[in-house]
Each structure stands twice: as structure tokens, then as C-alpha cells.
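# What the coordinates show
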Amino acid sequence: MNATETIYALALASNCHPKQHFQTAFLAISTWGSVEFSKIYLIPCRDGVGADYWNAACILKSKKSVEELMLMLKQMEADSGRVRPSHQISLDIDLIAWGSDLSAMQFNPKKLPLATDVKIPLYDVWKLEQFQSELSYPVVM
């Protein structure tokens, strides 16, 4: 990795037309740098109200700044038709952590503590002990 790249850990979720929104998001994120995506898991809604979610994560190495990336993620959510607050989530993409090395990442304080539906897919791409879970959920793809 060269000095101008930053590593980003992203979490993705959708429970409203998830296949379409994940395909669009994966394609867009792939153009921002080198990326590794987790499997996609089917995980129940955190508060038991909405439909089950597709949850995934990725590690992205990109030349984009944190600010640039945040704006692009917000734009992707808006483009997907995201409505807040709602239990019909077209696309939710969160910046979980960033840094120059996976061993020294800065976590987004707004996303802590990390929910199980973030940890499980994140463990696929970032084998951090704190992401391990005893729970298991079906893999969509």
C-alpha cells in the first residue's frame, strides 16, 4: 500500500430490495480503490421490528480522504432512496474505522459499541478477536 492510501472498514445493511442495493453499492465501492467484501449474512432486525437484513462488510484501501468517503457514502444512501427514520432500509453504509494499518485503526466513536450485525461480516475481512461471535446466521451469497 502506498503512503497516500487509507484503509477503511465499512459495514453495509439493507432490508428493502437488498440484492439491487448491494449490487449497486459493491460496484461503486469497487471503483474507489482495492476492496475485499465479506460474505452477505441474513440477520434479524436489531430491535425486532423490521424485516431481516442483508449485512456485509468490506475493507477498502483508497486514496480518498475520510471526509470525501463520508460524503460519498451519504450520497449512495440518498441515491438508494434511504428514508430516516424507518424500518424499511434501502441502504445503510457506515464507516466503522480507518487508518494506515489494520493493526492501528481509529474507530468511529458514533458506531461504538459495534453491533453483532456489524461484527459478524467484519470478521470475514478483518480477523480481529473482538469481532468473533458465537452466533451464526445464514449466508445469502
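Heads up: these notes are all about the structure in this document.

Cut-off values and rules
- Residues numbered from 1 in each chain as written.
- Predicted model: local features only at pLDDT ≥ 70, side-chain atom pairs only at ≥ 80, totals over all residues.
- Heavy atoms only, no water.
- Helix = DSSP H or I, 4+ residues; strand = E, 2+ residues; numbered from the N terminus.
- Buried < 20%, exposed > 50% of the residue type's maximum accessible area, 1.4 Å probe, protein only.
- Contact = heavy atoms within 4.5 Å.
- Lys, Arg positive; Asp, Glu negative; His and termini not counted.
- Charge placed at Lys NZ, Arg CZ, Asp CG, Glu CD.
- Core = buried A, V, L, I, M, F, W, Y, C linked by side-chain atoms within 4.5 Å.
- Phe/Tyr/Trp six-rings, centres within 6.5 Å; stacked < 30°, edge-to-face > 60°.
- Salt bridge = Lys/Arg side-chain N within 4 Å of Asp/Glu carboxyl O.
- 1 Å grid on protein atoms, 1.4 Å probe; cavity = no way out; pocket = protein on both sides within 12 Å on 5 of 7 lines; lining within 4 Å.
- Points joined across faces, edges and corners; volume = space filled by probe spheres on them.
- Nonpolar A, V, L, I, M, F, W, Y, C, P; charged D, E, K, R; others polar.

### A look at the overall build of the protein
The secondary structure content of the protein amounts to 3 helices and 6 strands. Moving toward the C terminus, one meets the helices and strands of the protein in the order β-α-β-β-β-α-β-β-α. Dimensions of the protein along its principal axes, counting C-alpha atoms only, are 45 × 35 × 25 Å. In the protein, buried positions account for 45% of the 141 residues. Contacts in the protein between residues at least 24 apart in sequence constitute 66% of all its contacts with a sequence separation of at least 6. Across the protein, the 13 positively charged side chains and the 15 negatively charged ones have centroids separated by 2 Å.

### So, the nonpolar core
Grouped together as the largest cluster of nonpolar side chains are 21 residues, with contacts concentrated most on L10, I29 and I93. Elements with a minimum of two residues in this core: strand 1 (6-14), helix 1 (18-30), strand 4 (53-62), helix 2 (66-79) and strand 5 (92-99). Every residue in contact with I29, bar those within four places of it in the chain, is listed here: L10, L12, V35, F37, C58, L60, M76 and I93. Among the nonpolar cores identified, the runner-up in size contains 14 residues, and I7, A11, L122 and V125 belong to it.

### What about the packing of aromatic side chains?
Tallied over the entire structure, the rule returns 6 aromatic pairs. Ring plane angle 15° and centroid distance 3.9 Å describe the contact between F26 and F37, whose orientation is recorded as stacked. Here F26, found in helix 1, pairs with F37, found in strand 2 (residues 33-37); they are 11 residues apart in sequence, far enough to count as distant. Note on F26: relative accessible area 17%, which makes it buried.

### Quick word on the pattern of salt bridges
Enumeration according to the criterion identifies 5 salt bridges in this entry. Taking the shortest distance from any N to any O, the salt bridge between D117 and R46 comes out at 2.8 Å. Of the two residues, D117 is situated in helix 3 (residues 116-125) and R46 in the loop between strand 3 (41-43) and strand 4; the sequence distance between them amounts to 71 residues. We classify D117 as buried; its relative accessible area is 11%. Connected through salt bridges with shared partners, the residues E77, R82, R84 and D92 form a single ionic network.

### Some details on the layout of surface pockets
There is about 690 Å³ of room inside the largest pocket. As for the largest pocket, its lining consists of 31 residues, of which R46, R82, D92, D94 and K111 are closest to the centre. Going through the elements one at a time, strand 1, strand 4, helix 2, strand 5 and helix 3 are the ones with two or more residues in the lining of the largest pocket. The biggest single contributor to the lining of the largest pocket is strand 5, with 5 residues. Residues of the lining of the largest pocket, tallied by class, amount to 16 nonpolar, 4 polar and 11 charged.

Fair warning: the whole summary comes from geometry, so function is off the table for now.
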